[in-house]
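Each chain, written out:
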Amino acid sequence: MSDAGTQRPELVQQLLRDFSVITGAEFGPDDDYFAMGLVNSLRALEIVAYLERTFEFEVEIDDLDLDNFRTVHRAAAFVTRKCAAAVGTGAAG
């Protein structure tokens, strides 16, 4: 599996900071904040809205797989994929 931290460490650090604000707790890039009880359905929506707003893409229904958002590394990989797809389709601004 590709490690988003190796590819974009600045993205991982940004997400760690911002997700810590959203959850009110600190954790590592591979910690499952859902399993830790830090994220419920409302917080999950906050994370999705934050990603859409910050990275200027739309999270589609098909993207709403918990595995895309379970850890900071997974979220960073998701953001990287979405941004690359937007560039590939000419949708990124």
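Residues numbered from 1 in each chain as written. Predicted model: local features only at pLDDT ≥ 70, side-chain atom pairs only at ≥ 80, totals over all residues. Heavy atoms only, no water.

Visitor: Explanation requested: helix α2 (residues 9–23) in the structure shown.
Guide: Residue pairs three or four apart in sequence face the same way in an α-helix, which turns once every 3.6 residues. For α2, spanning 15 residues, the distance from its first C-alpha to its last is 21 Å, which sits close to the expected 21 Å at 1.5 Å a residue. The complete set of buried residues in α2 reads Leu11, Val12, Leu15, Leu16, Phe19, Ser20, Ile22 and Thr23. For α2, the buried positions fall inside an angular range of 160° around the axis, keeping them on one side. Facing away from the buried surface of α2 by more than 90 degrees, the exposed residues are Arg17 and Val21. Backbone geometry just after α2 places Gly24 at a positive phi near 75°. (Helix = DSSP H or I, 4+ residues; strand = E, 2+ residues; numbered from the N terminus. Expected span 1.5 Å × (residues − 1). Buried < 20%, exposed > 50% of the residue type's maximum accessible area, 1.4 Å probe, protein only. Arc of directions from axis to C-beta.)

Visitor: Quick question: what am I supposed to make of the packing of aromatic side chains here?
Guide: Note on aromatic pairs: each is described by the distance of the centres and the angle between the planes. A full pass over the atoms with the stated rule returns eight aromatic pairs. Measuring from ring centre to ring centre gives 5.9 Å for Phe19 and Tyr50, while their planes differ by 75°; the resulting arrangement is edge-to-face. In this pair, Phe19 is assigned in helix α2 and Tyr50 in helix α3 (residues 41–55), connecting sequence segments 31 residues apart. Note on Tyr50: relative accessible area 8%, which makes it buried. Ring geometry for Phe57 against Phe78: centres 5.9 Å apart, planes inclined by 85°, an arrangement best described as edge-to-face. Pair noted here: Phe57 is in the loop between α3 and α4 (72–89) and Phe78 is in helix α4, with a separation of 21 residues, a long-range link. Take Phe78: its relative accessible area is 2%, and that puts it in the buried class. Taken together, Phe19, Phe27, Tyr33, Phe34, Tyr50, Phe55, Phe57, Phe69 and Phe78 form an aromatic cluster joined through their ring pairs. (Phe/Tyr/Trp six-rings, centres within 6.5 Å; stacked < 30°, edge-to-face > 60°.)

Visitor: Any chance you could explain the nonpolar core here in plain terms?
Guide: Side chains of a nonpolar character, in soluble globular proteins, are inclined to be buried together. Counting residues in each nonpolar core, the largest one holds 23 residues, and the members touching the most others are Leu15, Phe19, Tyr33, Leu51, Phe55 and Val72. Listing elements by their share of this core, those giving two or more residues are α2, α3 and α4. In terms of residue count, the dominant contributor to this core is α2 (six residues). Excluding residues within four positions of it along the chain, Phe19 makes contact with Phe27, Tyr33, Ile47, Tyr50, Leu51, Val72 and Ala75. (Core = buried A, V, L, I, M, F, W, Y, C linked by side-chain atoms within 4.5 Å. Contact = heavy atoms within 4.5 Å.)

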